[in-house]
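# Fold and geometry: a report
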Amino acid sequence: MSSAPLQPILRPHPPSSISSFSSPRRTQPSPRARPCRLAAAREMPWPHVLTVAGSDSGGGAGIQADVKACAALGAYCSSVITAVTAQNTAGVQGVHLVPEEFIRKQLNSVLSDMSVDVVKTGMLPSVGIVRILCESLRKFPVKALVVDPVMVSTSGDSLSDPSTLANYRDELFAMADIVTPNVKEASKLLGGVSLHTVSDMRDAAASIYKFGPRYVLVKGGDMPDSSEAIDVFYDGKEFIELRGHRIKTCNTHGTGCTLASSIAAELAKGSTMLHAVRVAKNFVESALDHSKDLTIGNGPQGPFDHLFRLKCPPYNIGSQQRFNQDSLFLYAVTDSRMNKRWGHSIEDAVKAAIEGGATIVQLREKDAESREFLEAAKACVEICKSSGVPLLINDRVDIALACNADGVHVGQSDISARKVRELLGPGKIIGVSCKTPAQAEQAWNDGADYIGCGGVFPTTTKANNPTLGFEGLKTVCLASKLPVVAIGGINATNAGSVMELGIPNLKGVAVVSALFDREHVMAETRNLRSILTNALCSV
Ligand SMILES: Nc1ncnc2c1ncn2[C@@H]1O[C@H](COP(=O)(O)OP(=O)(O)OP(=O)(O)O)[C@@H](O)[C@H]1O
Ligand SMILES: Cc1ncc(CO)c(N)n1
Ligand SMILES: [Mg+2]
């Protein structure tokens, strides 16, 4: 997979274009030195997206959608307005272009002063505007450029001069990290080919890729009615069909602008492209789902609520930090019965596991009372936070939300990972137990961060748990696009042999009884950690 989650974007940019993600925050010194009042302050990064787009007086699309989407996902959004539209839920009644020299001025104001991470473009209604933007981007490089080639509104109104087509393709696309046409725009860009099927969308993505962007996303929101909304992602090698539920609603005005600015926000936070696109698509789907019964305006296509999460506790504002796969290395899973047997509180057990070198902790408290569990979970959150070790909760999304844990781990019969993602937002870690390649694929599609695969060996912790053995583990790992942690009957005797399998995406082992069904949790953890480290060194 060329764009596994959490890796920096790898394909080098052509020399003339913008800098790559792997480069430092700014590739050129800021043209203006920072005033000294900030010199002593600790830099607090705030992911920054600049949208270069048109205003929608109805507030559902364009600049207004971009600002709301970025705000919802935790990015700062500055804006350069290219045109002012008189628009509502019935259509576009008028377009007033901002003079080109004034667009240059706005670009210069923002880019010369602020550290913009990602530029997202929407309505670029004239050849001159595209040209000015390209010049500005060459002068002020940013980490990524997201181009939403807005040409026609869903109401059918033209939003760009047809003469911009060639210059979009020849100049802007070559600088773009991703281009996100809908099916009508893809058709226009390719001289009017018709797109009726997902296979046509794939062909279109491959043809648009040849214009020079690193990635192409052909959006299928306007494809004929089906139960799914399918977008096609292409990285030059592989096509990925991103399938979501099609929400039955008329409130889809601005989905395209929202998707592109959400991608930009996630990229600004440091995501890989594929991950950013998946988060963005999930975000649009969730926003549409929460807004399906809203009514604003009398026309056929209404706006939706980007800030729906403000209405759902706990005011989740998107990912602040990305999941580090290496944290799966020594994954400690607590068990209340074992703790009781040895007279350990959950807090003491977690503390000892962390001191012994556990790299992530999951609280799996199957028979605890909710209130008591929440109190213990809160204490564990503090313990884990102070050691920089993520804390996940098994199954209980309510407890995870209430204690602000780092994430949740679910099994196949628990609430789905997709629903958990919707509830927790994009910034939390989600793991899913998987025994088959199909389950691993589903976890990926649902937006999980990792999978747990097992039982590798026979285990007494979990009843009726079939054993996969090394062969089963390898099959699932090979099929999984997500990092994997092996689980089930792993202990100091066999953990080394699991790591020695040398499977690239097998990142570690998860252990229950070998750590917690013991008197000395810290010593057991320390021993297991050194076994794992030695095994890793020998691969
Ligand atoms: N009814 C829906 N349910 C779920 N997802 C949808 C729906 N409609 C569109 N989407 C998703 O929204 C995103 C934007 O796609 P779409 O094809 O609507 O873009 P667009 O036509 O450029 O949007 P705009 O209406 O802003 O012009 C895509 O990820 C698409 O799959
Ligand atoms: C200003 C503006 N930009 C983009 C779109 C596409 O949705 C729109 N309708 N209006
Ligand atoms: Mg649409």
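Residues numbered from 1 in each chain as written. Chains lettered and ligands numbered in written order. Predicted model: local features only at pLDDT ≥ 70, side-chain atom pairs only at ≥ 80, totals over all residues. Heavy atoms only, no water.

### Quick notes on the sheet that holds strand S2 (residues 76-88)
Pairing is mixed across the open sheet formed by nine strands, whose spatial order is S3-S2-S1-S4-S5-S6-S7-S8-S9. If you trace the sheet from one side to the other, it starts and ends with strand S3 (91-97) and strand S9 (239-245), each paired once. Sheet topology note: the strand S1 (residues 48-56)/S2 ladder contains nine bridges and is parallel. Directly across from Leu-50, in S2, lies its bridge partner Ser-78. (Pairing = 2+ DSSP bridges. Helix = DSSP H or I, 4+ residues; strand = E, 2+ residues; numbered from the N terminus.)

### Notes on the nonpolar core
Ile-178, Phe-233, Ile-263, Tyr-331, Val-350, Leu-363 and Ile-393 are the most contacted members of the largest nonpolar core, which has 112 residues in total. Considering every element that reaches this core, the biggest residue donor is helix H8 (residues 273-291), with nine residues. Leaving out residues up to four positions away in the same chain, Leu-363 has contacts with Thr-334, Ile-346, Val-350, Phe-373, Ala-377, Cys-380, Leu-391, Leu-392, Ile-393 and Asn-394. Within the second largest apolar cluster, 45 residues are counted, among which are Leu-145, Val-179, Leu-195 and Met-223. (Core = buried A, V, L, I, M, F, W, Y, C linked by side-chain atoms within 4.5 Å. Buried < 20%, exposed > 50% of the residue type's maximum accessible area, 1.4 Å probe, protein only. Contact = heavy atoms within 4.5 Å.)

### Here's the deal with the state of the cysteines
Linking two cysteines covalently via their sulfur atoms produces the bond known as a disulfide. Inspection of the entire model under this criterion finds zero disulfides. Take Cys-434: it sits in no disulfide, and the sulfur closest to it among the cysteines is that of Cys-453, at 7.5 Å. (Disulfide = S-S within 2.5 Å.)

### Concerning the site of ligand 2
Surrounding ligand 2, one finds Gly-54, Ser-55, Ala-61, Gly-62, Thr-85, Gln-87, Met-123, Val-150, Ser-153, Leu-159, His-253 and Cys-257. Between a nitrogen atom of ligand 2 and a side-chain N or O atom of Gln-87, the distance comes to 2.7 Å. Protein chains bury 93% of the 280 Å² of accessible surface belonging to ligand 2 in isolation. Listing elements by their share of the shell around ligand 2, those giving two or more residues are S1 and S2. The class makeup of the residues in the shell around ligand 2 is five nonpolar, seven polar and no charged. (Near = heavy atom within 4 Å. Polar contact = N/O pair within 3.5 Å; in protein donor to acceptor, adjacent residues only side chain to side chain. Areas by Shrake-Rupley, 256 points an atom, 1.4 Å probe, with all protein chains shown as cover. Nonpolar A, V, L, I, M, F, W, Y, C, P; charged D, E, K, R; others polar.)

### Remarks on the site of ligand 1
Lining the immediate surroundings of ligand 1 are 19 residues, of which Thr-154, Lys-219, Asp-231, Ile-247 and Thr-255 lie closest. Take Asn-182: an N or O atom from its side chain is 2.9 Å from an oxygen atom of ligand 1. One nitrogen or oxygen atom from the side chain of Lys-281 is found 2.9 Å from an oxygen atom belonging to ligand 1. Burial of ligand 1 by the protein amounts to 94% of the accessible area it has alone, namely 620 Å². Listed by contribution, the elements that provide at least two residues to the shell around ligand 1 are strand S8 (228-234), helix H7 (255-268) and H8. For the shell around ligand 1, the element with the most residues is H7, which contributes four residues. Considered class by class, the residues forming the shell around ligand 1 number six nonpolar, eight polar and five charged.

### Here's the deal with the confidence of the model for the chain
Within the chain, residue pLDDT values average 88, and 90% of them lie at 70 or more. Residue range residues 1-40 is modelled with pLDDT below 50. Its contacts to residues more than four positions away, or to other chains, number 79 contacts. Two numbers describe this predicted complex: its pTM, 0.61, and its ipTM, 0.97. (pLDDT = per-residue confidence, 0-100.)

### Notes on the side chain of Asn-394
Structurally, Asn-394 can be placed in strand S12 (residues 391-394). With relative accessibility at 10%, the residue Asn-394 sits in the buried group. At 2.7 Å, the side chain of Asn-394 forms a polar contact with the side chain of Gln-362. When sequence neighbours within four positions are dropped, the list of residues in contact with Asn-394 reads Gln-362, Leu-363, Arg-364, Lys-366 and His-409.

### Comments concerning helix H10 (residues 346-356)
For H10, the set of buried residues is Ile-346, Ala-349, Val-350, Ala-352, Ala-353, Ile-354 and Gly-356. Tucked into the core, H10 has its buried residues touching strand S10 (330-333), helix H9 (336-342), strand S11 (360-363), helix H11 (370-387), helix H17 (513-516) and helix H18 (521-538). One or two residues past the end of H10 sits Gly-357, with phi positive at roughly 115°.

### Details of the environment of Ile-208
Within the secondary structure layout, Ile-208 lies in helix H6 (residues 198-209). Using a relative accessible area of 0% as the deciding quantity, one classes Ile-208 as buried. Through-space distance from the C-alpha of Ile-208 to that of Val-179 is 8.4 Å; in sequence the pair is 29 residues apart. Apart from residues lying up to four places away in sequence, Ile-208 is in contact with Phe-173, Pro-181, Ala-186, Leu-189, Leu-190, Pro-213 and Val-216.

### Some words on the pairing of S1
Every other side chain in a regular strand lies on the same face of the sheet, so the side chains alternate between the two faces. Of all nine residues that make up S1, nine are buried, and the element is covered over most of its length. The handedness of the S1 to S2 crossover, carried by helix H1 (residues 62-72), is right-handed. Bridging between S1 and strand S4 (residues 118-121) involves four bridges; their strand directions are parallel. If you follow Val-49 over to S4, its bridge partner there is Val-118. (Right-handed = clockwise from strand over helix to strand, strands pointing away.)

### Description of the pattern of salt bridges
A full pass over the atoms with the stated rule returns 25 salt bridges. Taking the shortest distance from any N to any O, the salt bridge between Asp-117 and Lys-143 comes out at 3.5 Å. Remark: Lys-143 occurs in the loop between helix H3 (127-139) and strand S5 (144-147) and Asp-117 occurs in the loop between helix H2 (100-113) and S4; sequence separation between them is 26 residues. Across the pair, exposure class does not vary: Asp-117 and Lys-143 are buried alike. (Salt bridge = Lys/Arg side-chain N within 4 Å of Asp/Glu carboxyl O.)

### As for the sheet that holds S12
The strand order S10-S11-S12-S13-S14-S15-S16-S17 describes a closed barrel built from eight strands, whose pairing is parallel. The average undirected angle you get between the axes of adjacent strands in this sheet is 25°. As paired strands, S10 and S11 are joined by three bridges and run parallel to one another. Across the sheet, Val-333 pairs through a bridge with Gln-362, a residue of S11. Strand contacts of H11: S11 and S12, with the helix running at about 155° to S12, the strand carrying the most contacts. (Axes fitted to C-alpha atoms, helices over the stretch in contact; angles between N-to-C directions.)

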